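Understanding the architecture of this molecule
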Amino acid sequence: MQRIGQISFQAREGTTRRRTLLSYGQTAGGQLVGYATLFLVAVVSLLPLLWMVSTSLKEFGREFLFPPQWIPNPVVFGNYITAFETSNLARYFGNTLMIAVLATLGTVLSSSLVAFGFARLEFFGKRVLFIILLSTLMLPGIVTLVPTFVLFKTLGWIDTPLPLIVPWWFGGGAFGGAFFVFLIRQFMLQLPRELDEAALVDGASYFRIYWRIMLPLSKPALAASAIFSFIHHWNDFLNPLIFLNSEEWRTLALYLRFFLYTEAGGGAGLTRWNLMMAASVVMLIPVLVIFFSAQRYFIRGVALTGIAGR
Amino acid sequence: MPGRVASRAAPLRRDPPVRTGLRSIRWRRHLIGYLFISPWIAGFALFTAFPMIYSLFLSFTKYDLLGPPEFVGFSNFERMVSDHLFLTALGNTAFYTLLAVPIQLLLALFMALLLNQKLRGINVFRTALYLPTVTPTVAFVVLFVYMYNPEFGIFNAILGWFGIPKQGWLTDPNLAKPAFIIMSLWHVGGQMVIFLAGLQAVPETLVEAASIDGAGKLRRFWHVTMPMISPVIFFNLVLGIIGSFQVFATAYIATNGGPKHATLFYVLWMYRHAFENFRMGYAATLGWVLLGVILVFTLIQFAVSRRWVYYEGEGA
């Protein structure tokens, strides 16, 4: 467990130093090869997403052509309107947004509290508790699937958004949540201690130090956590699948799957792929907006903890 | 300690008030510490520790959510061993994991090396390579179901350029798992960024020194860069395997375990028992067994890592 922590530290330090291997003695020809390879890989990487957008703009029927029509002709923007008109897409969008925002809010607030405790305060068993926290990162979450379902069923929370939100207000106690505590703590550890010591001498309470000094200074880590958390909840499929079953609370992820199997009817052959892809693009847009507006926090965040947002 | 100092300063006076005062201040600090981490303690107890213990208990019961759990001893385990789908599901998952993770890591490392070049506009490429990773799983799987379509999918169109006949990617039992592995290769952005951070942490002086000693590009990579990033490789490997063993959404959405159980992955199988047939006790057993399998894999990796993972400052 300690080793995992150590690696992450190395990874974090890495972000400040830019040292390359391939660039050594790189000639103009080498650069050209570099660009060409990068370009090729980038095209392959983006191909599925481009295909998604292209299909979403196709006239009905043209998505079944073979060989495929790469660029839609005619371009039918109306597919997006149809996608909203023929389903409760707006509602599913709202459900997903509400769950993702509330879960993210809880994650950032409660994880930062816990992170402050582990970064700045001394208490008995801190080391052991932190190792336990880290080891939950490596536990396969699948083992708690059945018992948490039973727990929430007993509480009467099935088919409400509560199981998808409430656990995230418990400072990373829910499965996978420790990741955020770890990320924020790593960041807080590198903030100068003089700041809170000075405030302490001035008579500030620990909570005040947390709220007025540490939180504002930890913005990059909080932003990274918020982005990871939002995208995680926005994209989540398994948990909504298990805890939600009525149409009322359906999320976008559930809807897309539902669409694939039922709405279009008659199996994959008759699926209205253009509408399906339009709905997928609708689901993708918030993620892209967040990704592009906060990219530097995002990439730094991955490097900061050395853990990918799964 | 402070108590002793106090008593030396005033040998005739007893000093319990000072001592308890100091102690209570120290206690207060501990208490504040616990207060700050209390959300995690409560959350850990409620949503991790309790479910795990409860799940262990359930694994010895028969429980359909209607009546109370009924104790059945080891019969869930016996049932699992004689279940003909147990080995199928575990085998499919192990096959997928042991093939997908190394390929994913190689690709991620390759892309990280590409992105580690000092080139203008490298950030644009970094975005392009990372972007597919943030795509919602469901949207991504649905898209691939379309792209893998035997009649009009673009995978077959691309094969057609090379004169290869149309394939039933998700309907041919021999192709379904490879098709899933190919799909997973668009989601390696996380590993890629971690590799990139690792590469950027390799001290320039080391590479320079090797260069002066006459080591070529390949040797520098193999003898300097690889050992330096071995902890990062190890990290990605361990977490990659843990994640891959739990593969679920892709199979549930794309094939629902078919064709001929070729993509019946362990968690999908477990999901069916739990949430389609409501065999909670049996599903809990399956969950614990998977935990055990993953644990064994992880421990093996930690044991083997001593031979190939190099930690700086660990006396080498």
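The rules behind the values
- Residues numbered from 1 in each chain as written.
- Chains lettered and ligands numbered in written order.
- Predicted model: local features only at pLDDT ≥ 70, side-chain atom pairs only at ≥ 80, totals over all residues.
- Helix = DSSP H or I, 4+ residues; strand = E, 2+ residues; numbered from the N terminus.
- Buried ≥ 20, exposed ≤ 12 C-beta atoms within 10 Å, placed from the backbone.
- Contact = placed C-beta atoms within 7 Å.
- Nonpolar A, V, L, I, M, F, W, Y, C, P; charged D, E, K, R; others polar.
- Core = buried A, V, L, I, M, F, W, Y, C linked by C-beta atoms within 7 Å.
- Domains from an automatic or database assignment.
- Axes fitted to C-alpha atoms, helices over the stretch in contact; angles between N-to-C directions.
- Parallel < 35°, antiparallel > 145°, perpendicular 65-115°, else oblique.
- Left-handed = near helix turned anticlockwise from the far one by under 90°.
- pLDDT = per-residue confidence, 0-100.
- Expected span 1.5 Å × (residues − 1).

Let's talk about the overall build of chain A
Looking only at helices and strands, one finds 15 helices and zero strands in chain A. Looking at chain A as a whole, 48% of its 310 residues qualify as buried. Long-range pairs, those at least 24 residues apart, make up 77% of the contacts in chain A with a sequence separation of at least 6.

Remarks on the interface of chain A and chain B
Contact with chain A, which involves 95 residues of that partner, is made by 93 residues of chain B. With 13 residues, the single largest contributor to the side of chain A that touches chain B is helix H2 (residues 28-56) of chain A. In terms of residue class, the side of chain A that touches chain B is built from 64 nonpolar, 23 polar and eight charged.

So, the nonpolar core
Of all hydrophobic cores here, the largest spans 170 residues; its most connected members are Leu256 of chain A together with Val142 of chain B. At twelve residues, the largest contribution of residues to this core is made by helix H4 (residues 89-120) of chain A. Each of domain 1 (2-49) and domain 2 (77-308) of chain B accounts for three or more of the residues forming this core. Apart from the residues lying within four places of it in its own chain, the contact partners of valine 142 of chain B are Leu256, Leu260, Met276 and Ser280 of chain A together with Ile253 of chain B.

Remarks on the packing of helix H13 (residues 266-276) of chain B against helix H14 (residues 280-308) of chain B
Residues and elements named next belong to chain B. Remark: H13 packs on H14, axes separated minimally by 8 Å, with the N-to-C direction vectors making an angle of 160 degrees. With respect to their mutual orientation, H13 and H14 come out roughly antiparallel. Seen from above, H13 lies across H14 with left-handed handedness. Residues Tyr266, Met270, His273 and Ala274 of H13 pack against Met280, Tyr282, Ala283, Leu286, Gly287 and Leu290 of H14. For the contact of H13 with H14, the class distribution of residues is eight nonpolar, two polar and no charged.

What to know about the confidence of the model for chain B
Residue and element names in this part refer to chain B. The predicted model of chain B has a mean per-residue pLDDT of 88, with 91% of residues at 70 or higher. The secondary-structure element of chain B with the lowest mean pLDDT is helix H1 (residues 2-9), recorded at 42, while helix H4 (residues 84-115) shows the highest, at 96. The low-confidence segment residues 1-19 (pLDDT under 50) makes seven contacts with residues lying over four places distant or belonging to another chain. Scored as a whole, the predicted complex attains pTM 0.86, and scored at its interfaces, ipTM 0.84.

So, helix H9 (residues 189-200) of chain B
In a regular helix each residue adds 1.5 Å, so twelve residues correspond to 16 Å; H9 of chain B covers 16 Å between its end C-alpha atoms and thus fits that length. Counting buried residues along H9 of chain B, twelve of its twelve residues qualify, which places the element largely inside the surrounding structure.

Regarding the domain arrangement of chain B
For chain B, the domain assignment lists domain 1 (2-49) and domain 2 (77-308). Taken over C-alpha atoms, the centre of domain 1 of chain B sits 48 Å from the centre of domain 2 of chain B.

Focus on unusual backbone geometry
Asparagine 73 of chain A connects to proline 74 of chain A through a cis peptide bond whose omega is 0 degrees. Within the element layout of this structure, proline 74 of chain A appears in the loop between H2 and helix H3 (78-85). The amide bond that connects glycine 258 of chain B to the next residue, proline 259 of chain B, takes the cis arrangement and shows omega of -10 degrees. By secondary structure assignment, the location of proline 259 of chain B is in the loop between helix H12 (249-254) and H13.

Thoughts on the confidence of the model for chain A
Residues and elements named next belong to chain A. Averaged over every residue, the pLDDT of chain A is 83; the share at 70 or more is 85%. Across chain A, H4 holds the top mean pLDDT of 95, while helix H1 (residues 2-14) sits lowest at 40. Under a pLDDT of 50 for its full length, residues 1-24 has, in the predicted model, 60 contacts with residues more than four places off or in other chains. Long-range and interchain partners of residues 265-269, a stretch whose pLDDT sits below 50, account for three contacts in this model, where long-range means more than four residues apart.

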